[in-house]
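So you can see what is in the structure, the chains are spelled out below.
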Amino acid sequence: MSIKVSLLTGVLALATTVAQAAPAVALPDFTQLVEKEGRAVVNISTTGTVREEAAEMGGLDDDTLNLFRRFGFPIPPMGPQGPRERQTQSLGSGFIIDGSGYVLTNAHVIADADEIKVKLNDKREFKATVVGSDARTDVALLKIEATNLPKVDLGNTEQLKVGEWVVAIGSPFGLDNTVTAGIVSAKGRSLPDEAYVPFIQTDVAINPGNSGGPLFNMKGEVVGINSQIYSRSGGFMGLSFSIPIDVALKVSDQLKAHGKVSRGKIGVVIQEVNEELAKSFGLPKAGGALVSSTEKDGPADKAGIKPGDIIQKFNGQAVTTSGDLPRLVTDARPGAAAKVTVWRDKAARELSVTVGEMDQADRASAGREYRGGQKEDSNRFGLSVRELNPRQLKELGVKFGLGVVGASGAAGRAGLMQGDVIVGIGGEELTNSPQLKKSLDALKPGQSLALRVLRQGSSLFISLKAPDK
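About the thresholds
Residues numbered from 1 in each chain as written. Predicted model: local features only at pLDDT ≥ 70, side-chain atom pairs only at ≥ 80, totals over all residues. Heavy atoms only, no water. Buried < 20%, exposed > 50% of the residue type's maximum accessible area, 1.4 Å probe, protein only. Helix = DSSP H or I, 4+ residues; strand = E, 2+ residues; numbered from the N terminus. Pairing = 2+ DSSP bridges. Salt bridge = Lys/Arg side-chain N within 4 Å of Asp/Glu carboxyl O. Core = buried A, V, L, I, M, F, W, Y, C linked by side-chain atoms within 4.5 Å. Expected span 1.5 Å × (residues − 1). Arc of directions from axis to C-beta.

Draft legend 1. Spatial organisation of the pairing of strand 8 (residues 165–170). Counting buried positions along strand 8 yields five of six residues, so the element is predominantly enclosed. The pairing of strand 8 with strand 9 (residues 178–191) spans six bridges and is antiparallel. If you follow Val166 over to strand 9, its bridge partner there is Gly182. Note that strand 8 and strand 11 (residues 214–217) share three bridges and pair antiparallel.

Draft legend 2. Helix 7 (residues 324–331), seen in detail. Burial within helix 7 is extensive, with seven of its eight residues counted as buried. For helix 7, the full list of buried residues reads Asp324, Leu325, Pro326, Arg327, Leu328, Val329 and Thr330.

Draft legend 3. Expanded view of the pattern of salt bridges. All told, the structure shown has 15 salt bridges when counted by the stated rule. For Lys143, the salt bridge is made with Glu145, and the minimal N-O distance between the two is 3.9 Å. Each of Lys36, Glu37 and Asp153 takes part in one network of salt bridges that share partners.

Draft legend 4. Representation of the nonpolar core. Within the largest apolar cluster, 44 residues are counted, with the highest numbers of intra-cluster contacts made by Ile44 and Leu104. Of all hydrophobic cores here, the second largest spans 21 residues; its members include Val385, Leu430, Leu440 and Val453.

Draft legend 5. Examining helix 4 (residues 245–258) more closely. The end-to-end C-alpha separation of helix 4 is 20 Å, in line with the 20 Å expected for 14 residues at 1.5 Å each. Every buried residue belonging to helix 4 is among Ile245, Val247, Ala248, Val251, Ser252 and Leu255, and all of these are buried. An end-on view of helix 4 places all buried positions within 150 degrees of arc, on one side of the element. In helix 4, the exposed residues that point more than 90 degrees away from the buried face are Asp253, Ala257 and His258. Where helix 4 terminates, the next one or two residues include Gly259, which has phi positive at roughly 80 degrees.

Draft legend 6. The pairing of strand 24 (residues 402–407), seen in detail. As paired strands, strand 23 (residues 383–387) and strand 24 are joined by five bridges and run antiparallel to one another. Its bridge partner lying in strand 24, Arg386 is registered against Gly403. Bridge analysis of strand 24 against strand 25 (residues 421–425) gives two bridges, and the strand direction is antiparallel. Residue Gly403 lies in a different strand from strand 25, and its bridge partner there is Val421.

Draft legend 7. Structural view of the environment of Met237. By the secondary structure assignment, Met237 is in the loop between strand 12 (221–229) and strand 13 (240–244). Since its relative accessible area comes to 43%, Met237 is described here as partly exposed. The spacing of Met237 and Ile206 is 31 residues in sequence and 8.8 Å in space, taken between C-alpha atoms.

Written as structure tokens, this is what we have:
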């Protein structure tokens, strides 16, 4: 019995010694960061005026109108009453980047505002003027008339690592100086219709009112501007996106100097290169930006870049995914010469393009319907096409095209659909129906063919894979 007690006592003593020797898990402490940097975080409130048409008859149906008449109530106006004005208000966040009163925030926070007020951490309020605003990156630069203001320290997004702690300070739902924390979930995120910003993704709690506020690293440096959340409910769901501070500063520098942002363009429409498309173009592995169309007489067109080229480098910088290219091009100075490496005919070649300047407005094209012409079928691929008539070709601005009237089997799986117009094979233009048939017939089971199609005014490549049997 004494042996068992001694053994138990020894085990407990050893466990106690190990527990005492084990280092304590250090949790992050944000107190000093918040005390130092929180002074430069501001609350932004705006008021605006919206003009809208009055509703007809108050939106009432006939039965309700009859009840009004029966009981002698006044009947609402029976027609439009003309435009009326309605006051709007919004809340957001921002941060001071210069002691003389320059404030960074989101463009959507101050959009359509008649008056902008900036409230500091010490409760002072100032009216702000808009130095400039850029909707493409969602960055705005404001100015308040004050001096010797506290300002944030600015960091380097390139040094930010996935998994490290970050802190947001802002005014969610108008609650000033709210602090939330989390980690960096990913970097370089491309979001739909947001090709110009490589977003920082975090799991920091961001809600309405946080927009425009700073994202800090543990050194107390601003590494991003909180801009968007992914949400099905309107509230935080664990996916928050911030604009990298280096992107925001490039924009703010141009806004401060010129009041607007000048961006480069080369006039191409691009798409991602997946594994099937890479095989179709003889590319060793998927990567780069596939040119699906070029702007007529645009910089790329003049430089000899054509649909079917895969852009692999721009000014010596690698284009790993299609999302890399817009950011590299827009950073280029309009009028400058840029070296572009493209993959064409299973080989890389270098071209020189003179960078143009991006228009402020985007162009949109309406969808078209395609009818008429001789119908041709390819049962092996499940593809049915019809030649376009001269009027349709003129509307599309092409010399020849085959409208897709049916896509099943391999064609359907590839993503072809009724209404598409096939205008090219790889980097070559389609000139006649036999050309398509010959190219499809030459495919062995498992091989792929890249078809260039027009869809609702846009051009894209679709890889059609030959069925195994």
